[in-house]
Structures are given as structure tokens and as C-alpha cells.
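# Residue-level structure breakdown
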Amino acid sequence: MVHISRYILRRILSGLITLFIVITITFFMMRAIPGGPFTDEKAIPEFVAAKMSERYGLNDPVHVQYMRYLSGILRLDLGPSYRYEGMTVNELIAGGFPVSCAVGGLALLFSLMAGIPAGVISALKRGKWQDRLAMVLATVGVTVPSFVIASLLVYVLAMRLGWVNVGFWDGISTAWLPAVTLALYPAAFISRLVRSGMLEVLGQDYIRTAYAKGLSERRVIYIHALKNAVIPVITYLGPLTAGILTGSFVIEQVYGVPGLGTFFVTSISNRDYTTIMGVTIFYSAILVAFNIAADICLSFADPRIKLR
Amino acid sequence: MYDTEDFLPLTPEERESSEALRPSRTYWADAWSRLKDDRAAMFGLAVILAVIVLAVLGPVFSRYEYDGMDFNVSNDPPSLAHWFGCDMFGRDLFVRVMYGARISLAVGFIASFISLFIGVVYGGISGYVGGKLDDVMMRVVDVIYSVPAMIYVILLMVVVGPGLSSIFITLGISYWAPMARMVRAEVMRLKNEEFVTSARVAGASSARILFRHIIPNAMGAVIVTLTFSVPGAIFTEAFLSFVGLGVSAPMASWGVLSSDAVPAMAIYPWQLFFPAGAISITILAFNFLGDGLRDALDPKLRK
Amino acid sequence: MSNVAIADEILRVDNLHTTFTTSAGEVKAVEGVSFTVRRGEVLGIAGESGSGKSATMLSVMGLLGEAGLVSYDRLDFMGESLTPESVKALRGDKIAMVFQDPMTSLNPVLSVGYQLEEALRRHHWQGNIHERVAEMMTKVGIVPAEERMRQYPHEFSGGQRQRLMIAMSILCNPELLIADEPTTALDVTVQAQILGLLREIRESSGMSMILITHDLGVIAGEADRVIVMYGGRVMEEGTAREIFKSPAHPYTRGLLRSVPKADGSRERLIPIEGQPPDLLNPPEGCPFVKRCPEAMRICLRRKPEASCISDTHKFSCWKGAM
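The structure displayed is predicted, hence computed values, not measured ones.

## Observations concerning the overall build of chain B
For chain B, the helix and strand inventory stands at 13 helices and 0 strands. Starting at the N terminus, the α and β elements of chain B follow one another as α-α-α-α-α-α-α-α-α-α-α-α-α. Here chain B holds 303 residues, and the buried ones make up 44% of them. Sequence separation of 24 or more characterises 69% of the internal contacts of chain B that already satisfy a separation of 6 or more.

## A look at the overall build of chain C
A tally of regular secondary structure across chain C gives 12 helices and 13 strands. The C-alpha atoms of chain C give 20 Å as radius of gyration, which agrees with the globular expectation for 322 residues (20 Å, within 12%). Classification of the 322 residues of chain C by burial places 46% in the buried group.

## Describing the interface of chain A and chain C
Each side of the interface is counted separately: chain A has 18 residues, and chain C has 23 residues. Looking at the side of chain A that touches chain C, the elements that each hand over two or more residues are α8 (205-212) and α9 (217-229) of chain A. Broken down by element, the residue count for the side of chain A that touches chain C peaks at 7 residues, all from α8(A).

## Quick look at the pairing of strand β1 (residues 9-22) of chain C
Where a strand is regular, its side chains alternate between the two sheet faces. All names here are of chain C. Sheet analysis places β1 next to strand β2 (residues 25-38), joined by 11 bridges and oriented antiparallel. When the bridges of β2 are listed, T18 appears paired with V30. The hairpin formed by β1 and β2 contains 2 residues between the paired strands. Inspection of the sheet shows β1 paired to strand β5 (residues 74-77) by 4 bridges, in the antiparallel sense.

## Comments concerning the nonpolar core
A167(C), I210(C) and V228(C) are the most contacted members of the largest nonpolar core, which totals 254 residues. Among the elements that line this core, the one with the most residues is helix α4 (residues 93-129) of chain B, at 17 residues. Beyond its immediate chain neighbours, meaning those up to four positions away, I210(C) contacts V37(C), L43(C), I45(C), M57(C), I178(C) and A179(C).

## Considerations on the interface of chain B and chain A
Facing 29 residues of chain B, the contacting portion of chain A comprises 32 residues. Elements that contribute at least two residues to the side of chain B that touches chain A include exactly α6 (149-160), α11 (219-242), α12 (254-261) and α13 (269-297) of chain B. A per-element tally of the side of chain B that touches chain A places α13(B) first, with 7 residues. Tallied by class, residues from the side of chain B that touches chain A come to 23 nonpolar, 6 polar and no charged.

## Digging into the confidence of the model for chain C
Residue and element names in this part refer to chain C. Overall, the prediction assigns chain C a mean pLDDT of 84, with 93% of residues at 70 or greater. Across residues 1-6 the pLDDT falls below 50, and counting only partners more than four positions away or on other chains, this stretch makes 11 contacts in the model. Model confidence for the complex: the whole-complex pTM is 0.81, and ipTM, which rates the interface, is 0.85.

## As for the pairing of strand β10 (residues 225-230) of chain C
Residue and element names in this part refer to chain C. Of all 6 residues making up β10, 6 are buried, and the element is well covered by its neighbours. Of the two faces of β10, both are covered, the one formed by R225, I227 and M229 as well as the one formed by V226, V228 and Y230. Pairing between strand β3 (residues 42-46) and β10: 4 bridges, direction parallel. Among the inter-strand pairings, G44 is bridged to a residue of β10, identified as V226. In this structure, β10 lies alongside strand β11 (residues 233-239), joined through 6 bridges in antiparallel fashion. Its bridge partner lying in β11, M229 is registered against V234.

## Remarks on the packing of helix α3 (residues 39-61) of chain B against α13(B)
Residues and elements named next belong to chain B. Two elements in contact, α3 and α13, have axes whose closest approach is 7 Å; the angle formed by their N-to-C orientations is 135 degrees. When the interaxial angle is binned, α3 and α13 end up oblique. Handedness of the α3/α13 crossing: left-handed. Contact residues: α3 offers A40, A41, F43, G44, L45, V47, I48 and V51, while α13 offers I281, T282, A285, F286, F288, L289, D291, G292 and L293.

## Describing the packing of helix α4 (residues 89-124) of chain A against helix α10 (residues 231-255) of chain A
Residues and elements named next belong to chain A. Viewed as axis vectors pointing N to C, α4 and α10 meet at an angle of 130 degrees, and their least axial separation amounts to 10 Å. Taken together, α4 and α10 sit at an angle that is classed as oblique. Viewed along their axes, α4 and α10 form a crossing whose handedness is right-handed. Residue-level contacts link S100, V103, G104, A107, L108, S111 and I116 of α4 to V233, L240, I244, L245, S248 and E252 of α10.

## As for the environment of I10(C)
Residues and elements named next belong to chain C. With respect to the element layout, I10 can be found in strand β1. Residue I10 is classed as buried on the basis of its 23 C-beta neighbours within 10 Å. Taking the C-alpha atoms as reference, I10 lies 22 Å from G221; in sequence the two are 211 residues apart. Residue contacts for I10: discarding those within four places in its chain leaves V37, R38, R39, F77, M78, E175, L176 and S208.

## Some words on unusual backbone geometry
Residues and elements named next belong to chain C. Note that the residue after V143, namely P144, is joined by a cis bond; omega there is -10 degrees. On the secondary structure map, P144 appears in the loop between α4 (129-139) and α5 (145-148). The phi torsion at N173 lies on the positive side, around 50 degrees, for a residue other than glycine. With respect to the helices and strands, N173 occurs in the loop between α6 (158-170) and β8 (176-180).

## Concerning the sheet that holds β8(C)
All names here are of chain C. Reading across the sheet, the 8 strands line up as β7-β8-β9-β3-β10-β11-β13-β12 and stay open at both edges, with mixed pairing between neighbours. What marks the edges here is a single partner per strand, and that holds for β7 (95-98) and β12 (306-308). Along the sheet, successive strands turn relative to each other by an average axial angle of 20 degrees, direction set aside. The strands touched by helix α1 (residues 53-61) are β3, β7, β8, β9 (208-213) and β10; relative to β9, the strand with the most contacts, the crossing angle is about 140 degrees.

## Remarks on the environment of M138(B)
One can find M138(B) in helix α5 (residues 131-145). In this structure, the C-alpha to C-alpha distance between M138(B) and P216(B), residues 78 residues apart in sequence, is 22 Å.

## Remarks on the environment of G285(C)
Residue and element names in this part refer to chain C. The residue G285 is located in the loop between α10 (250-257) and α11 (297-301) in this model. Residue class for G285 comes out buried when judged on the 20 C-beta atoms lying within 10 Å of it. As for G285 and E237, which are separated by 48 residues in sequence, their C-alpha atoms are 20 Å apart. Excluding its chain neighbours within four sequence positions, the residues that come into contact with G285 are C299, L300, R301, R302 and K303.

## Points about helix α11 (residues 260-270) of chain A
Where burial is concerned, most of α11(A) is hidden: 8 out of the 11 residues are buried. Where α11(A) is concerned, the buried positions are L260(A), G261(A), T262(A), F263(A), F264(A), V265(A), S267(A) and I268(A). Packed against the buried residues of α11(A) are α4, α10 and α12 (273-301) of chain A together with α6 of chain B. Trailing α11(A) by a residue or two, R271(A) shows a phi angle of about 55 degrees, which is positive.

## A word on the confidence of the model for chain B
Mean pLDDT over chain B works out to 78, with 85% of the residues at or above the 70 mark. By mean pLDDT, the top-scoring element of chain B is α4(B) (86), and the lowest-scoring one is helix α1 (residues 12-17) of chain B (63).

Rules and cut-offs
Residues numbered from 1 in each chain as written. Chains lettered and ligands numbered in written order. Predicted model: local features only at pLDDT ≥ 70, side-chain atom pairs only at ≥ 80, totals over all residues. Helix = DSSP H or I, 4+ residues; strand = E, 2+ residues; numbered from the N terminus. Buried ≥ 20, exposed ≤ 12 C-beta atoms within 10 Å, placed from the backbone. Contact = placed C-beta atoms within 7 Å. Rg over C-alpha atoms; globule rule 2.2 N^0.38 Å. Pairing = 2+ DSSP bridges. Core = buried A, V, L, I, M, F, W, Y, C linked by C-beta atoms within 7 Å. Nonpolar A, V, L, I, M, F, W, Y, C, P; charged D, E, K, R; others polar. pLDDT = per-residue confidence, 0-100. Axes fitted to C-alpha atoms, helices over the stretch in contact; angles between N-to-C directions. Parallel < 35°, antiparallel > 145°, perpendicular 65-115°, else oblique. Left-handed = near helix turned anticlockwise from the far one by under 90°.

Pasting the structure below:
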């Protein structure tokens, strides 16, 4: 256990370095935008803009602003929002993240629960109708843009059939449809991953050994084959999380979910730079954490991988 | 029972005639013949070629202009005059979808080629030089991997401002990391092969060995990655359009056309259906072709 | 070599045919193969890769899966006819197998202890499963067994993994061990150790063995009787002495010429020229005709039948019909 905690510590350290680089790049990219955040707004009189620049410390030299931003982050303070008067980025995230987390967490769960069984079934029934059906669905899942599927679902389920209500947020009961939509692409991807993994594993010598021991087909498939075939899925957990994070930008908008994705997209059109920066850094931190978790899971699933 | 003739030894000619002919083919000819037998891949290739032809020639031969407004036909459903119907400004959707194909395909190909170029050079150098440099270069790739590429794209788009060329550049410089990793792995696999050693013995320079001898041999894997990154870029562009960072009016990519149609989807569903269908079919085609190419070019399956 | 005289049959195979359906067409991997294995005996099956020797044993064991179509006139194990169902219960119990590549034959994500115990559990071992595994691991020389049971396959060398495979195969005291190229993937010194281990186990338990290999040297040292296969057919069959002292089939003679002699004589090795037959388009006549230095016209057109030289020695060649 000692080496695992040391490994985690080291990964957290290198994750922090990564985050530092991300913070720096994001900060200077935002500063590289021509004109200040308030200059191209016609609605704001010049003296107001100047006053706001003053208030947000934008008249200080860049390195002073940078150091101030860094020290803010060390205190887990992402600064004030430029657009939501009187709100801090922390408050925005605290408001939006629980909602996004519910939708995203459900989506993560759905994509694994649908993708893994679908992949196993289509590998076992290779070439039969179950395989064809699963692969047609998987192909649709990776080829149709998510906002199109989301819009179609809203149109059919909400507007035509009236089965669900969309456009407002009422906890988990309104989370499942956005979550299912968000899960479609990763579920499709996972099912393809598991299918090809299973097909490859089933042709391995150790599967023949397992049969030669007299083991039942169930045991061979669910213990010997599946344990190997899900390893690529664990490797995919990092990109999967990233996909769900970014997918939420669109899905939350279509379903009117007041999550972090919606805030992020709004802050882009509002040019709310501190919010853009804050959310980017927050997302990166989540992703770094998930990548570490995924690597630890991987080391448990695959004994050949040594945590170094 | 048997003729005594039967028990005469075989003459060299008889022996020769019994040998089956084994045709020998080059790698690419071999791959092509395998690809030709893959119906899904050929379907994909045919669709892609058809879309390219329509994108290039369609708008030229159409009666309508992609930005020609006619408020008499606002939001008209599909008809003989307007096959895909019209949008809210009375613009013909068929010509707009064909014109959108130009933009979406241009985004797909140009962005992919930029990321291909960066990825091949970066991954090639990293894999070929190895050692400390490789460590540092791969550490950078790790950092890039730890932020969702979509977030970069959005940040960069915010910085450089919307527009077609911003999209090319932004996507190109955001999606090269997978290509770089793949090329690095291929280069590391190939650099100890005999043909590389012999080139080195013959005195070829490192750059020459890398780009003349190693990279061409990694081309199979590069092409497969490219086939998957083109639809990826088309997808990403559609996504950007949806969050309001796509190309600006009156130009329209498939993504812009679809996302513009979403608010009025309940009333004018065809406005969403055609551009969304175009994206889906094209991405499907690239996926089929990519799967087929991977099978056809996979050296592991080669006998 | 053990005594051949005790003639109770462990395994009898009559007229086995195995066909694979591939996208390129039907492949006849095994065509009309018959043989018997007696108690305590070692039957060697020799042949190049693609000769159908592994396909024969996988067919008998029902391990080919859906791709292979198997038919036979008779398939008896210890006097009882084998069905696809009954063979399942016997696999890993009374009939065990050891495969060619120990590096890939163990599941990389399960501990070796688990993989060994699993076989005992499947066959309802009466007694302490854990102790039995430790005992067998010690027997094959993997010590300290308790500690090594917790390890994973990648922590063992190739030779050790083959020892583990052997330990796994003999857990349930099998009557018949089928060893498919058990030493091919190993270093020469390790080869000798593994063969010695197998001999030791045979001598203490009295089990029979089928030893499949392309290496005639291995067969010469271990087998009581030998079958030589080529192109999915049996070319020659006889006692080890008959095959090595007086080979009758041109193919057997060719094989023997291509093997270094154990007595250290410095004869030049003569490889057999040409390629094994393309099983997708098998030759109409004798499968060996294209490479046979003694081929005749009839060999191109008709398949030869078996001719007997003695009670134990048979070969399939038109030379025998002359």
C-alpha cells in the first residue's frame, strides 16, 4: 500500500504542475484578446468601462495581475465574474456544478451500463441480428451530432408525445433524459471498444486453456474474457469524462438545464473572461483527478501495469 | 488395376505444371484489393466522393445562390423548385447544404492536414531522437491531453475571433496530439528495422532517414488516423456552430445550418433534417472507410 | 521407454475429418485420421506446421469452437464413446492439455493460484484445493508455492509458465495428457527440463501422453509409437523404432534427413524443398506430391491408400502399392 500512496502523491503533484501550466496559458490567452473585456461594449459609457477596469485591477501591469490571479487560485478563489454583477466565479460554479454533476454522473453510469453489455452481446453473437442491431445503434451514436439527437428527442418525447417535460430543472427527475442523450456517444464508443476487445480476447491462447480446463462457457466469458476486455474501457475513462464535460455544453442548452455547461456557453457569448478562465481551470482539475483515478483503477484491473 | 505408366517418375515439366501460381503484390495493391472487397468501406468511399463532387459542382449548376434571399418563399417546405425547402430568409436549402458541404469538408480536410503535419513532425522527431527530448515532448503532449481539446478550441476561438480561417487554425493546432502519439509509436517501432540501419550506414542524414524512410512506412497508420480525424473536425465545427462560434452569416456550414434550424424545429423540421442528415451520412461514410482502411492496411493481418 | 504390451486402449479415433469454413473457402484440415493410444503409452504425432496435427487434437477435445466442423466414425475414451457433452466434463479432469506457447496460455489478469484452483473447483476436487495446488506447484518446481500462487503470469519466466501449465494439467490426475508442442517456444536447456518433468510425472502416475511436435528429436527421445502427418493425413505410422530405423514414406525419410542426428554424426542436413500444400486448394492426389523426390504420375491424380509393412507399421504411398 505504501507504493500506491506514494504513486498517488506523485500523480497529484504532477497534476498540479499541469494545472499550473493550464492556468498560465489560459490567463495569457485571455489577456491576448485585442482590447479589454469592456472596450467593445457600446452600451457601457467610456468612464464606466474605465472605472470597471480600475475595479477589476485591469490597469495594473500584466505580471501583477497574473500573480494576483495565481494567489487567488491558491486560496481557491477564481475571482469575480465580469458579467454577473456581484457574483464570484466560485459562486457560479457552486451553483451550476451540482446540476452538471448529476447529469454527467448519470451519463457516465448509463454509458457504462449500456455500452459494456451491448459490446459483450454483439461479440458473442457476432454476425447475428443482435450484433447487427447493436452495431447499427453504435454507428448512429457516433455519427449523429449530439445536438441533433437531443433536439429530436425533445421534439418527439416532449413536444409530440408530451411524455416528458423539458426546459426547467427539477432535480434527478429532469436529469435522466439529458443524461441518456449525453451517454449516447460514449455508450456507442464503449460498445465498439468492448466488442473488438472481446473478439480479440476470445481468440487468445488463454481462453483455449480455460476451455481445456473444462470450465463452462459462462465462466470463460465472464471471468476470463471480460476481465481482459474491459481494460480498454478503463483506459477510456479519462477521454470519456472529457467527452461528457464538453458534451454537456450543448446538451444542457438544448434541455434548458441550468448547469455549468450552460454558464460556460453563456460566458463565451458574454465575453465573461473570468468565468471562461475559471470554468476552464475547474474542468481541467476535474479531468486531471479523473485521469489519476482511471490510472489507479487500471493498475488494479491489469496486474501487468506497475505504478511507478 | 493401374497402368504401368502411372508409376513413372514425374518429369520436371509435370512437376512444374502442378505448382499453383502465387501472385505477389505490393503492400498498397494488396491493401487496395482488400479494401475493394469491403462493401461498407466502398460505400463510404462512394458517398465521400459524391459529397465532394456535389460540394464542388453543385452550387455552380444550381439556379439559386447560397445567399440569395426571397421572402416570398420563406420557410417553404421541400418542393420541386426547392428540393430541401427554404429557410426563414427564403434561401434555397439544397444549395445551402451543398455550399455548406464545401465549408464543412474544407474544415474537415484542412484542419486534419494541419494537425497531421504538426503531429507527424512532432511525433516523428520525438520518436526518432528519443531520450530526454522525447521525455519532454511527450510530457507536453500529456499536458495537452489533460485538458479537453474542445475547451482549447473554444478558448482559442474566443481569442482569435470567429471565422473560417480561425476554425482551420484552431482545430488544426488543437487536435494534433493523438496523431503525434501514434506517429511516435510507429517511428519507434520502425527505427530499428533493417532498412533504416542500411540507410544510416549509407550515410543518409537523420532528417532524410526520418522523412524519406521511416514516415512513408508509417503512412498506413497515418492515413487511418486521418480518416477518423476528418469527421472529428466536421463534428467539432458543428459543435462550435452550436455554441455560437462557427462561421458567420451568410456563409453556412452544415453545423450552422443545423443549429440555426433547432429553435424552429417543431414547425419546420426539414430545415434541421437535411443538414443534420448530411453531417450524419458523411461522418458515417468516413467511419466506414476508416474501419475498412484500418483492416486493409493493418500489417498484423498481412500474410 | 515404457512397456507397450499392456494393450488397453485409452483413446481410439477412427476416420476423423475436420473442415474449417473460412471466407476464402473450405479448408480440410484433417482428413481421415485414425489412431489409438494405449495405457501408459506415449504416442508422438509429428509433422510440419499446418500438417493438421494440432487440429486433430483440438477436434478430439472439442476445442475448435464453431469454426470447425468435425466428423468421425468412432471416438472412444476409456471404452466409452465421447460426445461433445461428455468431453466437456472430461477436459481438465481425465484428459488434460498443455499448449505450445506458455507466454500466452495463462490469463494475464488472474493470479496463477486462482487459475489452478479453478480447475480443481470445476471438477469437484475432494480435499483441500489450496493444498493440492501448492503440492502440484512444488512438484513441478515452482517454489515457494504459497508465495508464488499470489503472483500473476507476467512474473514468471517462459519455462516456469510451462511448468505451471503442466501443474495445472495434472491437478486432477488425468489418464491422458495431450502436449501440443510443449517445448517449441522454450530454450534448449529448458526444453530438456520440461521433457524430463513430463517423463517423471508419467512414470509416477502411469498416465498416457500424446506428444505433438514438429521436432523429431523430441519424439525420438520420448515416444513409443509415432504418427507422421502431412496435409491433414497420416503419412506413416509405426513404433518409434520402425519410424526411425526403417522409415518407409518419402516424407518421413525427408523429415529424418532434415533433423540433426542424436549420435553426433556429421552428415549434411537436407531440408525438404518447397512449401506445404495449400489446404484451400488441396492437390487431387497425394498431398506431398509437389515436394516428393520420388513422385510418380499417379501421385498427382489419386490419393494413395495405406499399405501395411508389419502389424504396427503402415504408410500411405503409391510406392507401397507397387
